[in-house]
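Structure at a glance
In case you want the letters, here they are:
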Amino acid sequence: MSHTIDMGVDGIVRTTFFDEIDEISVEFFLNDISPFIIASSPDFPLNLIFELSKATNTTSKSRKLLIEFLKDNRIGEVIIINARKEIEVFFKLSNKVIFDKNIEFLHSEEKNIPSSIE
């Protein structure tokens, strides 16, 4: 399995990616998260935490799929934990230019999740 998805009692969906984040793993992720998206709305968006310490790389196609996913107005705040530098830079630039979401990057799970997402 390329990822795990879990919704906590706080309503935040936490996803951990493993190995390379390629087109197939993103398609599986999109399929698995779709019930959460369907249950969300712009007024009650889905907040997400991505844990990427075990992710090794992304592909061009997987990045495009993730950008399309994050552009959905049912997606709220996003926290990305322990992303490799190139993944972090890519999403920071994409966020600034394409979808302008509230995305925060953390480099340690020890730091508290911002209260705005809870």
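Residues numbered from 1 in each chain as written. Predicted model: local features only at pLDDT ≥ 70, side-chain atom pairs only at ≥ 80, totals over all residues. Heavy atoms only, no water.

Thoughts on the sheet that holds strand E1 (residues 3-7)
We count it as follows: Between any two strands, at least two bridges found by DSSP are needed for them to pair. By the criteria applied, helices consist of DSSP H or I runs no shorter than four residues and strands consist of E runs no shorter than two, each listed in order from the N terminus. Axis geometry follows a simple rule: fit a line to the C-alpha atoms, using only the stretch in contact for helices, then measure angles between N-to-C directions, giving values from 0 to 180 degrees. Pairs of residues are marked as contacts when any of their non-hydrogen atoms sit within 4.5 Å.
The five strands are arranged E1-E2-E4-E6-E7 in an open sheet whose pairing can be described as mixed. Among the strands making up the open sheet, the edge pair consists of E1 and strand E7 (103-106). Recorded for the sheet is a direction-independent mean angle of 15° between the axes of neighbouring strands. As judged from the four bridges shared by strand E2 (residues 13-17) and strand E4 (residues 46-51), these two strands associate in the parallel manner. Residue pairing across strands places Arg-14 opposite Ile-49, the latter belonging to E4. Across the sheet, helix H1 (residues 23-38) lies against E1, E2, E4 and strand E6 (75-81), angled at about 10° from E1, the strand it touches most.

Here's the deal with H1
Operational definition: Helix span is expected to be 1.5 Å times the residue number reduced by one. Here the bend at a residue means the angle between the axes of two seven-residue stretches, the one that ends at it and the one that starts at it. Burial classification: accessible surface area is computed with a 1.4 Å probe over protein chains only, and a residue below 20% of its type maximum counts as buried, one above 50% as exposed, and the rest as partly exposed.
Compared with the 22 Å implied by 1.5 Å per residue over 16 residues, the 22 Å span of H1 between its first and last C-alpha is a close match. Remark: the principal bend of H1, roughly 40°, maps to Asp-32, with a proline, Pro-35, within the next four residues. Taken as a whole, H1 has its buried residues at Ser-25, Val-26, Phe-29, Ile-33 and Ile-37. Of the surrounding secondary structure, the elements contacted by the buried residues of H1 are E1, E2, strand E3 (19-21), E4, helix H2 (60-70) and E6.

Points about the confidence of the model for the chain
Our working rule: The predictor's confidence in any single residue is recorded as pLDDT, a number from 0 to 100.
Per-residue pLDDT for the chain averages 88, and the proportion of residues at 70 or more is 91%. Looking across the chain, the model is least confident in helix H3 (residues 85-99), with a mean pLDDT of 84, and most confident in H1, with 96.

Topic: the packing of H1 against H2
Geometrically, a packed helix pair is captured by the angle between its two axes and the distance between the axes. Test applied: Any angle from 65 to 115 degrees is called roughly perpendicular, while one under 35 is roughly parallel, one over 145 is roughly antiparallel, and all others are oblique. The crossing is said to be left-handed when, going from far helix to near helix, the turn is anticlockwise and less than a right angle, and right-handed when the turn is clockwise. Gly counts as polar in this scheme, as do all residues outside two lists: the nonpolar Ala, Val, Leu, Ile, Met, Phe, Trp, Tyr, Cys and Pro, and the charged Asp, Glu, Lys and Arg.
At a minimum axis separation of 9 Å, H1 and H2 run at an interaxial angle of 15°. Taken together, the axes of H1 and H2 are roughly parallel relative to one another. The hand of the H1/H2 crossing is right-handed. On H2, the residues that touch Glu-23, Val-26, Glu-27, Phe-29, Leu-30, Ile-33 and Ile-37 of H1 are Lys-61, Ser-62, Leu-65, Leu-66 and Phe-69. Looking at the contact of H1 with H2, its residues break down into eight nonpolar, one polar and three charged.

Regarding the side chain of Thr-16
Position of Thr-16 relative to the elements: it lies in strand E2. Note on Thr-16: relative accessible area 18%, which makes it buried.

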